[in-house]
Amino acid sequence: MSKLNAGAFEFVPGRAFVLPQKSQTPPPKPPLERPLQTEAPAPAPTITLNIGGSNPPATPKPAPAIVPQLKPALPPSVSASTTPSQSSSPAPPTNKVFSTERAKTDTTSIAKEVQAVADQEVLKDLFGDVKEHLNIVFIGHVDAGKSTLGGNLLYISGGVDKRTMEKYEKEAKEAGRETWYLSWALDSTPQERSKGKTVEVGRAYFETSSRRYTILDAPGHKTYVPSMISGAAQADVAILVISARKGEFETGFERGGQTREHVMLVKTAGVSKLVIAINKMDDPTVNWDKGRYTEIKDKLTPFVKSAGFNPKTDITFMPVSGYTGQNLKDRVAKSICSWNDGPSFLEHMDHMPMVDRKVNAPLMMPVSEKYKDMGAIIVGKIESGHIRKGDSLTLMPNKSVVEVAAIYNEMEEEVPSAICGDNVRVRLRGVEDEDISPGFVLTNPKSPVRAVRQFEAQLAILEHKSIICAGYSAVLHVHTLSEEVTLTALLHYFDKATGRKSKKPPQFAKKGQKIVALIETALPICVERFVDYPQLGRFTLRDEGRTIAIGKITKLHDDRVDEVTEGLAHVSVAA
């Protein structure tokens, strides 16, 4: 019989086949009887790790006494997780289970915390403990009361003393402009005071107990929109001033009014928070009427939402009176306005969330103004980084090497340094004022801003009376720069239904479309990609006094060939 298989036939030559004997096979073992399962099986063993989580790790539970000793001992965390839960408590929080997604969020949060601490340390090293600084721009239709509101804010916060304001009041009375005296604190030129229209962006500075503010008073007239864009590019928060007087709100909000265009322009300029001050509530036609306030609020909300602002987080409505100062510093009395329970204007500004500052990023300061005063002086807002007296910097796009001779703050006081968000005047050494233009950028020589002549950008066509084709020219407004550009090619269009880019280039673009275009300038301009530096990568296109399109830069084309050509221009080969 085969030793390998006991039940096989045995074959021996000369013998017949013999069936295998049954006695040689061992009897089968009886089947194991298992108890009926009445409970759910225990979960599979999982090893739990907590990497950078906010919750402290759970203390391991001791293993129950009923576990048999024959099983191999497991780590405490594993044995605790394998034993079935006796209580009906929920499963352990998911942030303790190790996963790649969790690791990403945890490392990001750690990096943010470290960055915030580092930024605070830099601020303390530079200044000690200082008040936070906000740049606010007043926008709105012409005659909405922007300059009057700004002038009264300066007066009640102590930015302008009583004697100066009495002098303005006397001069305004003599000129027959008795109610305009508050606006004269910001409208300084004779032309602005005689006509009551702001032409250039007015600047002023005031402090409260918790913050410092720079006021930028933008012109409301459609002729001076380029000035308004340069003012909005330097702001962190926009104050949209609306006149509640019968007829005035409707004129500003209807097609052709500046309310709509200003909201779109400040969003494009990078302002993320909007405070809508419904002004002239003390007017006899309004008289703090809640119905009028609600009517204006209901009309404005859908439009502002369509411009890209979130009504819940980015927008605040408040009724004010710029001329009488009610609800600016102190809340309006219940006897005058019983339905308003919100904070006053300055209360809200002092407690609103602070904007993010890139203190440790490379220095970038677009030039908004320049003049000559014992050397070249430039004015602008520091978009990122910080600056110290004596720094050696580069002025792009000319690549001029300059030295910081002095820095002046909003109060015309000389300071040793300034940080991101500050509006400053800088005296430069090593360059003449004739060689500087608004739109130049003061930058760090180690990582300078890009200077290009061609770039690709996504454009949203807002309005145009006809179609836009390749070769179309318009005026580009980016940060403080305005430059004439040409759309040399239309590369793609975005399908409205799917949102995907087309493979073939479109022949033309019309109102309401989104396209990708190649834009070219005559001279190099200082810009960056939107994803790297949003403030230097978003722009507006204007033509014939109207805003044609808004856009963001997606790709920069280097001028390496031109640099090589210029470098070889003066090379001579000796025979």
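Up top is the structure.
Residues numbered from 1 in each chain as written. Predicted model: local features only at pLDDT ≥ 70, side-chain atom pairs only at ≥ 80, totals over all residues. Heavy atoms only, no water.

1. Examining the pattern of salt bridges
Two side chains that carry opposite charge are able to pair once their charged atoms sit near each other. Considering all chains together, one arrives at 22 salt bridges under this definition. Between Arg 212 and Asp 422 there is a salt bridge, with its nearest N and O atoms 3.6 Å apart. Residue Arg 212 is found in strand β3 (residues 211-217), and its partner Asp 422 is found in the loop between β14 (417-419) and β15 (423-429); the two are separated by 210 residues along the sequence. According to the relative accessible area criterion, Asp 422 is buried, its value standing at 6%. For the salt bridge of Asp 341 with Lys 334, the shortest nitrogen-to-oxygen distance reads 2.5 Å. Take Asp 341: its relative accessible area is 60%, and that puts it in the exposed class. Each of Arg 245, Glu 248, Lys 280 and Asp 283 takes part in a single network of salt bridges with overlapping partners. (Salt bridge = Lys/Arg side-chain N within 4 Å of Asp/Glu carboxyl O. Helix = DSSP H or I, 4+ residues; strand = E, 2+ residues; numbered from the N terminus. Buried < 20%, exposed > 50% of the residue type's maximum accessible area, 1.4 Å probe, protein only.)

2. Considering the sheet that holds strand β20 (residues 514-526)
An order of β17-β20-β19-β18-β21-β22 is seen for the six strands of this closed barrel, with the pairing classed as antiparallel. Along the sheet, successive strands turn relative to each other by an average axial angle of 45°, direction set aside. In this structure, strand β18 (residues 472-478) lies alongside strand β21 (residues 538-543), joined through four bridges in antiparallel fashion. Residue pairing across strands places His 477 opposite Thr 540, the latter belonging to β21. In the packing of helix α8 (residues 258-268) onto the sheet, contacts are made with β21 and β22 (546-557), and the angle to β21 comes to roughly 145°. (Pairing = 2+ DSSP bridges. Axes fitted to C-alpha atoms, helices over the stretch in contact; angles between N-to-C directions. Contact = heavy atoms within 4.5 Å.)

3. Digging into the nonpolar core
In terms of nonpolar packing, the biggest core is built from 39 residues, with Ile 139 and Ile 276 touching the most fellow members. Elements that contribute at least two residues to this core include exactly β1 (132-139), α6 (225-232), β4 (237-243), α7 (248-253), α8, β5 (273-279), α9 (290-306) and β6 (315-319). Sorting elements by how many residues they give to this core places α9 first, with five residues. When sequence neighbours within four positions are dropped, the list of residues in contact with Ile 139 reads Lys 146, Ala 218, Met 228, Ala 238, Ile 239, Leu 240, Val 241, His 262, Val 266 and Leu 274. (Core = buried A, V, L, I, M, F, W, Y, C linked by side-chain atoms within 4.5 Å.)

4. Focus on helix α3 (residues 146-157)
Its 12 residues place the ends of α3 17 Å apart at the C-alpha level, agreeing with the 16 Å of an ideal helix rising 1.5 Å per residue. With nine of 12 residues buried, α3 lies mostly within the body of the structure. When we look at burial in α3, the residues that qualify are Lys 146, Ser 147, Thr 148, Leu 149, Gly 150, Gly 151, Asn 152, Leu 153 and Leu 154. At the exit of α3 stands Gly 158, carrying a positive phi of roughly 90°. (Expected span 1.5 Å × (residues − 1).)

5. Observations regarding the pairing of strand β19 (residues 481-493)
In this structure, β18 lies alongside β19, joined through seven bridges in antiparallel fashion. When the sheet's bridge partners are listed, Ser 473 is paired in β19 with Thr 486. Inspection of the sheet shows β19 paired to β20 by seven bridges, in the antiparallel sense. Directly across from Leu 490, in β20, lies its bridge partner Ala 517.

6. Topic: the sheet that holds β5
Pairing is mixed across the open sheet formed by six strands, whose spatial order is β2-β3-β1-β4-β5-β6. Of all the strands in the sheet, the pair left with one neighbour each is β2 (202-207) and β6. Averaged over all adjacent pairs, the angle separating strand axes in this sheet is 25°, with direction ignored. Pairing analysis gives seven bridges linking β1 to β3, with the strands arranged parallel. Paired with Phe 138 across the bridge in β3 is Asp 217.

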